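# Tertiary structure, described
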Amino acid sequence: MIRAVKGTHDLLGTALAYHRTVVEATRRWAEAAGAEEIATPIFEHTEVFERGVGRTTDIVQKEMFTFSDRGGRSLTLRPEGTAGVVRAYLEHGMKVWPQPVRLWYAGPMFRAERPQKGRQRQFHQTGYEVIGAAEPEVDAEAVVLSWRILAGLGLSRMRLKLGSVGDAEDRARYNAYLRERLAPHAQRLSEDSRRRLETNPMRILDSKAEADRRLLEALEVRPMLDFLGEAARAHFEAVQARLRALGVPFEVDPTIVRGLDYYVRTSWEIHHELLGAQSALGGGGRYDGLSELLGGPPAPGVGWALGVERVALAMEAEGLSPAPAPGLDLYVVPLEPDLVPRALEMAAHFWPELRVQYALKARRPGKGLQEAERKGARFAGLLGSDEAAAGTLTVKDLKTGQQRTLRPDEVKEWIRGGTA
Ligand code: AMP
C-alpha cells in the first residue's frame, strides 16, 4: 500500500474541521480589518526565499524543498508566505494602490524538518500582511489581530512574547558584540553555531542545542534589546503603548530572535502553555527591508503567520471543539428500482439550497429511514410510485418523527424552517 510521504498528513474529519475553523477565524478577523485575500503559488524561484528569508537562516540552509524545472531553473516549495506575498505586491504594482495594502492568506507551507509532534514537512499557515506603512499603529494592529483570532477561538493558555530586533545598524552592532563575546569560546558551541558565528551570530540565540544554551547563560550574553538605537527604541515603546491601550496582554521578551532574516524592529511570538517543545502557535514581525531585498522600492511592512496544525493541537489540549461540518439536510430514498433516476432529479432540484443525497438502490421504507439516520441526515424523503405520480415527497423529520407528504417547494420551506 502506498502511504502519504513522511511528515505530510491528509486533512479530513476532525482535523479538517479544526483546519477550517482556524482558516475561517483568520478570514473573519482579517476581513474585518479590511484585508483582501491573496493566494500566491506554492512554488517560487528559489531566489525569492534566498534573498527574502536570508541565505544564513536555517530555513534556507537546511529546510527547503528545492528542485530544478525542465529548463534547469531552481524552484522551491514555499517554506513561508511573506516573501511570496511581497514578491506579488511588487509584481502587481501594489505600490501605487492606496497605502498600506492589507493582505491575508491561508495555505500549505513546506519545510524539510525532522517530523515530530507539531512539526511537519507540509503544514499550513494563515497569515496577515500590512505593506506600505511604517507607523507603530500597524505593528499593534497586526499583533492585536493575531492575538484576538486565537483568543476568539477560545484559547486561554497563551503567552504573547514581544521583542524588537532593532534596525539593520543595531543588529550589525549586536552581531559584532556577539562575535567578540563568543569567538574565544567557539569550541564550546555546537557545530551549527560555530558556523553561525561566522555568518549570522544572532541566530545562535535561537539555537535549541544544550551546549549553546549553557554557554550563552554562563557568559551572561546581553540581549538584543540593549542594543536598540534611538529610533528602534522609540518605535518599540510606541508599539507597547498601543498594545496596552488595546488591552493585549504581552510580556517583553528581550531574547526574542525570529528564524527569518528579514525582520527589523517589532517581533513577536505567541506560545501555548500545553504544547511542550513546539509551543509557538504563530509569530510575526516588521520587515521594512524585504521589498528592497527582492529588487523593489522601499515598502515597509509588518505581518504574522499562525501555524494551523499547532493551533488545532492547542484547541484540543484545552478541550475546545471545532465548528462541526454541516450535515445532510435530506436523504431521498426511492422505494422502487425505476425511481432511482427520480431520486437523483429530486436531490438535484434542491441543490444548493439544501444539502441532499439520495440512495442508489431501492429500499424498503424502514431500511431507508435507518440509512438516512446513519448518514446523519435531519430529514428522510420517501419516494414511492404515488409520490412520483403526484410530484411529491413523503418527508420525515428524523428528530421529531413528524411526517408529511409535500410538493418540492413545500419540502424546501419545511426543511429550511426546521434546520434554520
Ligand atoms: P515561522 O514562520 O517559522 O515563524 O512559523 C510560524 C508558525 O508556523 C509557527 O509558530 C508554527 O506555529 C508554524 N510552523 C512552523 N514550522 C512548522 C512545521 N514544520 N510544522 C508545523 N507548524 C509549523
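Everything numeric here is computed off the predicted structure, so don't read it as measured data.

### Points about the layout of surface pockets
Estimated volume of the second largest pocket: approximately 330 Å³. The wall of the second largest pocket is formed by 22 residues, among which His9, Ala15, Gln120, Glu309 and Leu313 lie closest to the centre. Going through the elements one at a time, helix H1 (13–32), strand E6 (122–131) and helix H11 (308–317) are the ones with two or more residues in the lining of the second largest pocket. Broken down by element, the residue count for the lining of the second largest pocket peaks at five residues, all from H11. Each residue belonging to the lining of the second largest pocket can be placed in one class, and the counts come to seven nonpolar, 10 polar and five charged.

### Topic: the pattern of salt bridges
Tallying each qualifying case throughout the model produces 30 salt bridges. For Arg87, the salt bridge goes to Glu44, with nearest N and O atoms at 2.8 Å. Placement of the pair is Arg87 in helix H4 (residues 82–91) and Glu44 in strand E2 (residues 43–45), with a sequence separation of 43 residues. For the pair Arg87 and Glu44, one class covers both residues: buried. Note that Asp226 is salt-bridged to Arg222, the shortest N-O span being 3.4 Å. We classify Asp226 as partly exposed; its relative accessible area is 42%. Given the relative accessible area of 39%, Arg222 is considered partly exposed.

### Some thoughts on the sheet that holds strand E1 (residues 36–37)
In a beta sheet, neighbouring strands pair by backbone hydrogen bonds and run either parallel or antiparallel. Sheet architecture is open: eight strands sit in the order E1-E5-E6-E11-E10-E9-E7-E8, paired in mixed fashion. Each having just a single partner strand, E1 and strand E8 (251–252) make up the two edges of the open sheet. Bridge analysis of strand E5 (residues 101–110) against E6 gives 10 bridges, and the strand direction is antiparallel. In the sheet register, Met109 faces E6, and the bridge partner there is Phe123. Along the sheet, H1 contacts E1, E5, E6 and strand E11 (301–307); its crossing angle with E5, the most-contacted strand, is approximately 165°. Packing of helix H5 (residues 136–152) onto the sheet brings it into contact with E5, E6, strand E7 (158–164), strand E9 (264–272), strand E10 (280–286) and E11, and relative to E11 it is tilted by some 15°.

### A few points about the nonpolar core
Tyr128, Leu150, Tyr174, Trp268, Leu281 and Val311 are the most contacted members of the largest nonpolar core, which totals 87 residues. Ranked by residues supplied to this core, first place goes to H5 with nine residues. Aside from chain neighbours lying at most four places away, what touches Val311 is Val22, Leu150, Leu153, Leu155, Leu281 and Leu306. Ala343, Phe350, Leu393 and Val395 belong to the second largest nonpolar core, which has 16 residues in total.

### Brief notes about the UniProt feature "binding site: L-histidine" (unreviewed entry) in the chain
Residues annotated by UniProt as "binding site: L-histidine" (unreviewed entry) correspond here to Glu80, Gly81, Thr82, Arg111, Gln125, Glu129, Arg258, Tyr262 and Tyr263. Considering the arrangement of structural elements, one finds Gly81 in the loop between strand E4 (74–77) and H4. Apart from the residues lying within four places of it in its own chain, the contact partners of Gly81 are Tyr105, Met109 and Gln125. Of note, Arg111 is situated in the loop between E5 and E6.

### Quick word on the domain arrangement of the chain
In terms of domain boundaries, the chain breaks down into domain 1 (13–167 + 229–317) and domain 2 (330–415). Placing the centre of domain 1 and that of domain 2 at their C-alpha centroids yields a distance of 48 Å.

### Regarding a nonpolar patch on the surface
Together, Ile42, Phe43 and Phe67 line one region of the surface with nonpolar side chains, adding up to about 260 Å² of accessible area. Mapped onto the secondary structure, Phe43 falls in strand E2. Phe43 gets classed as partly exposed once you look at its relative accessible area, which sits at 43%.

### A word on the packing of aromatic side chains
One pass over the full model with this rule turns up six aromatic pairs. A centroid spacing of 5.8 Å and a plane angle of 20° characterise the contact between Tyr128 and Trp304, whose relative ring orientation is stacked. Remark: Trp304 occurs in strand E11 and Tyr128 occurs in strand E6; sequence separation between them is 176 residues. Across the pair, Trp304 and Tyr128 agree in class, each one buried.

### Here we look at the sheet that holds E2
Judged by pairing direction, the sheet is antiparallel, and its three strands sit side by side in the order E2-E4-E3 without closing on themselves. The strands lining the two open edges of the sheet, one partner per strand, are E2 and strand E3 (66–68). Here the average twist between neighbouring strands, direction ignored, is 35°. Both E3 and E4 contribute to a ladder of three bridges, which runs antiparallel. Looking across to E4, one finds that Ser68 is bridged to Ser74.

### Description of unusual backbone geometry
With an omega dihedral of -5°, the bond running from Gln99 to Pro100 counts as a cis peptide bond. Inspection of the secondary structure puts Pro100 in the loop between H4 and E5. Positive phi outside glycine occurs at Glu220, with the angle close to 45°. Topologically, Glu220 is positioned in the loop between helix H8 (210–218) and helix H9 (230–245). On the accessibility criterion, Glu220 (66% relative accessible area) is exposed. Although it is not a glycine, Arg265 sits at a positive phi angle of roughly 55°. Relative to the assigned elements, Arg265 resides in strand E9. Using a relative accessible area of 15% as the deciding quantity, one classes Arg265 as buried.

About the criteria used
- Positions within a chain are numbered from 1, following the residues in the order the chain's sequence is written.
- Per-residue local features are limited, in this predicted model, to residues with pLDDT of at least 70; the limit for side-chain atom pairs, both in listing and counting, is 80 or more; totals at the level of whole chains, interfaces and linings are taken over all residues.
- Working from all heavy atoms in the structure, the side-chain values ignore hydrogens and water.
- The rule is simple: put a 1 Å grid over the protein atoms alone, call a set of points where a 1.4 Å probe fits but cannot get out a cavity, call an open set with protein on both sides within 12 Å along at least five of seven lines a pocket, and count a residue as lining if it has an atom within 4 Å of a point.
- Grid points are joined across faces, edges and corners, and a volume is the space filled by probe spheres set on the points.
- Only DSSP runs of H or I with at least four residues qualify as helices, and only runs of E with at least two residues qualify as strands; both kinds are numbered from the N terminus onward.
- Gly is put with the polar residues, along with every residue not named as nonpolar or charged; the nonpolar set is Ala, Val, Leu, Ile, Met, Phe, Trp, Tyr, Cys and Pro, and the charged set is Asp, Glu, Lys and Arg.
- Salt bridge, as used here: a side-chain nitrogen of Lys or Arg that lies within 4 Å of a carboxyl oxygen of Asp or Glu.
- Buried, partly exposed and exposed residues are distinguished by accessible area as a fraction of the type maximum, computed with a 1.4 Å probe on protein chains only: under 20%, between the cut-offs, and over 50%, respectively.
- Whether two strands pair comes down to DSSP finding at least two bridges between them.
- Only heavy atoms matter for contacts: two residues are in contact if any of them lie within 4.5 Å across the pair.
- For helices, the fitted line uses only the C-alpha atoms of the stretch in contact; every axis is such a line through C-alpha atoms, and the angle between N-to-C directions lies from 0 to 180 degrees.
- In this description, a nonpolar core means a group of buried Ala, Val, Leu, Ile, Met, Phe, Trp, Tyr and Cys residues linked to one another through side-chain atoms lying within 4.5 Å.
- UniProt positions are given in the numbering used here, feature names are shortened, and annotations may be inferred rather than shown by experiment.
- Domain start and end points were adopted from an automatic or database domain assignment.
- The patches reported here contain residues having more than 30% relative accessible area and no salt bridge. Joining distances are 9 Å for like charges and 5 Å for nonpolar side chains (Val, Leu, Ile, Met, Phe, Trp, Tyr).
- The protein chains shown are the only cover counted for residues, whose accessible areas, like all others here, come from Shrake-Rupley with a 1.4 Å probe.
- Any Phe, Tyr or Trp ring, taking Trp's six-membered ring, that has another such ring centre within 6.5 Å forms a pair; planes under 30 degrees apart are called stacked, those over 60 apart edge-to-face, and the others tilted.

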